[in-house]
Amino acid sequence: MTEPNPPSTPEAAVTGAGARAEVAATAVHLRFGGRLLGLPGTYLPRVSWPGRRDWRGPWNFWWLAHHVDCLVDAAQRARRAGEPHAMTRYAARAHLLLRTIRLRNVLVFTNAYYDDMGWLLLAAQRVRALTLPSPSAPVFASRGASAAAARLATVAARAIAPRLAAAETPDLGGGLWWNTSRDFKNVPATGPAAIFAARIGDTNRARRLVDWMYAALLDPVTGLFLDGMRIGPDRTPQLVRDVYSYNQGLVLGALIDLGDAESLRRAAALIDAVDTVGNGLIVAGGPRRTLAAHGGGDGGLFTGILARYLARAAGCPDLDHAARARAADLVCGTAQALWTGRHEPPTARATGPIFSPDPAVAAAVSQAPGIPVELSTQLQAWMILEAAAALTLEGWS
C-alpha cells in the first residue's frame, strides 16, 4: 500500500485550528516519515531529525502508538470536514505504521512493558472506530483504507488485551504491573487499561482500576496523582512520588469514559487540581495559562497526552460547565502558545515548521541550530493542535 505525500501548506495561508493541525501533521510526515529499510508497504518515522531510520536504531514503541493516535485524530478531523481523500491518506498511513510496528517488533504487537501495550491498544481501538459510519461520511468510512487499518488493529487488540488483563493482580492492592519484572505498579500501565475497559463496556473493571489509583496514588494535598508504587527491597510498598502531566490525563480520560455522576464529579475536581498555579503543571503569565512540559525524550509526549484528555473532558456535555471551560482554555491556550512560538528554519518550505518541546519557550530558542528535533516533541505539538481543532466544534476557542 502506498500513499501520496501531501503538499506543504503555505504558512501565510494558515487560518483556523484545523489548518494549524494539518500543518503540524504534514511537518511530522515530511521531517520524520519514510520506509523501513526502503521496503515498500512500510512506514517508520525516524526518532530524531536529522537522524537515521534503520532496523538497529532506538525502538520507541510507545511513541509510535501515539503516532497512530495522532493519525486517527487527523483522519477524524478530515471526516468531520467532509474530506474523504485526506481521510484515506491518514487511514492508509495508520495501516502502514501498524504493519511496520509489528514487522519491526519481530512480527508481534506485544513486548515486556504493559504501558507500551496499553498505549497501542487504545490507538488500535480508535483505528477500528474509523470504520464506523458518521453523518458526514457514512459509506466511505466503512471501506478501503479505513477497513484495512481496522482489520490489522483488530489483530493488535486481540493480541494485547489478554496480556493487560493478566497484568492486573491483587499485589499492592490492585492495579497493573508496569512490566514483566512485576515489581512496580503505576498510572501509565493502569490508566490505559481503565480507559480501554470503560470503552468496551467493562465498567466494573474500569471502576476497580480507577478506585485503586485513587486509593493508592492520589496525593490528598494537591489532588494530583503520583506516578506509582514499587515493591521495596524488604517487600514493603514504596510510593514513587513524581508528578507527571500525562498521569493526570489518563485518570481524567478513564473518568470521562466511565461518565457516571461520581466519575464526573471526580473529573471536575481533577481538572481543578491540574489548573492550579504552583503545582508544576501550569505556566502562569502571558495572555493565557498554558500547560507545563517535561522536556524531550519520553517526557516530550507527556503534556500532549494530558491535552488529549482535557479536550475529551471539554467535549463531555454532562461534565460541569465550569470544568469544561477550564479544560478547553488550557488546551487552546497551550495550542496557541505552540503555534505562536513555532520556528521556520531555512528548510521549512520543504519540511514545515518546528514546534517547541515547551509551549512557554519559543522553538527558535529551544530548538536552536545544532539541537536535534525529536519525534516525541513534534508528536506532542501535533496532538495538542489536533485537540484544539476538535474543540472548535464544541464552541471553545
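For the structure itself, consult the block above.
Residues numbered from 1 in each chain as written. Predicted model: local features only at pLDDT ≥ 70, side-chain atom pairs only at ≥ 80, totals over all residues. Heavy atoms only, no water.

Put simply, helix α2 (residues 61-80) and helix α4 (residues 114-129) touch, their axes get as near as 8 Å, and they point 20 degrees apart. One way to sum up the angle between α2 and α4 is to call them roughly parallel. In this structure, the crossing between α2 and α4 has a hand that is left-handed. Between α2 and α4, the residues in contact are F61, W62, A65, H66, V68, D69, V72, D73, Q76 and R79 and D116, M117, W119, L120, A123, R126, V127 and A129, respectively. Class assignment for the residues of the contact of α2 with α4 results in 11 nonpolar, two polar and five charged. (Axes fitted to C-alpha atoms, helices over the stretch in contact; angles between N-to-C directions. Helix = DSSP H or I, 4+ residues; strand = E, 2+ residues; numbered from the N terminus. Parallel < 35°, antiparallel > 145°, perpendicular 65-115°, else oblique. Left-handed = near helix turned anticlockwise from the far one by under 90°. Contact = heavy atoms within 4.5 Å. Nonpolar A, V, L, I, M, F, W, Y, C, P; charged D, E, K, R; others polar.)

Here helix α14 (residues 375-392) is 18 residues long and its end C-alpha atoms lie 26 Å apart, about the 26 Å a rise of 1.5 Å per residue gives. The element α14 is extensively covered by neighbouring structure, given that 16 of its 18 residues are classed as buried. (Expected span 1.5 Å × (residues − 1). Buried < 20%, exposed > 50% of the residue type's maximum accessible area, 1.4 Å probe, protein only.)

For the coordinates displayed, the defined rule picks out 21 salt bridges. One salt bridge in this structure joins R308 and D73, with 3.0 Å as the shortest N-O distance. Linking R308 in helix α10 (residues 302-314) with D73 in helix α2, this pair joins segments that are 235 residues apart in sequence. Owing to a relative accessible area of 10%, R308 belongs among the buried residues under this scheme. The buried category is assigned to D73, whose relative accessible area is 11%. R289 is the partner of D329 in a salt bridge, and the nearest nitrogen-oxygen pair spans 3.7 Å. With a gap of 40 residues between them, D329 in helix α11 (residues 321-340) and R289 in the loop between β5 (282-283) and β6 (290-291) connect regions that are remote in the sequence. (Salt bridge = Lys/Arg side-chain N within 4 Å of Asp/Glu carboxyl O.)

On to the sheet that holds strand β2 (residues 184-186). Within the open sheet, the three strands sit side by side as β2-β3-β4. Their pairing is antiparallel. Edge strands, defined here as strands with exactly one partner in the open sheet, are β2 and β4 (237-240). Within this sheet the neighbouring strands show an average axis-to-axis angle of 20 degrees, counted without direction. With three bridges connecting them, β2 and strand β3 (residues 228-231) associate as antiparallel partners. Bridging from a neighbouring strand, K185 pairs with M229 of β3. (Pairing = 2+ DSSP bridges.)

Below, the discussion takes up the environment of D320. Examined against the element boundaries, D320 turns out to sit in the loop between α10 and α11. Residues D320 and T334, 14 residues apart in the sequence, show an inter-C-alpha distance of 22 Å. In this structure the side chain of D320 is engaged in a polar contact, spanning 3.0 Å, whose partner is the backbone nitrogen of A323. (Polar contact = N/O pair within 3.5 Å; in protein donor to acceptor, adjacent residues only side chain to side chain.)

Let us now look at the environment of V28. Locating V28 in the fold gives a position in helix α1 (residues 17-32). On a C-alpha basis, the gap between V28 and G352 in space is 8.1 Å, while along the polypeptide they are 324 residues apart.

Tallied over the full model, the rule gives 12 aromatic pairs. Ring geometry for W178 against F184: centres 5.8 Å apart, planes inclined by 80 degrees, an arrangement best described as edge-to-face. Among the residues examined, F184 registers a relative accessible area of 4% and is labelled buried. Taken together through their ring pairs, the aromatic side chains of W62, W119, Y244, Y246 and F302 make up a single cluster. Above the plane of the ring of W49 lies R31, whose end atom (NZ or CZ) is 4.8 Å from the centre. Positioned over the ring face of W177 is K185, at 4.7 Å from the centre of the ring. (Phe/Tyr/Trp six-rings, centres within 6.5 Å; stacked < 30°, edge-to-face > 60°. Lys NZ or Arg CZ within 6 Å of the ring centre and 35° of its normal.)

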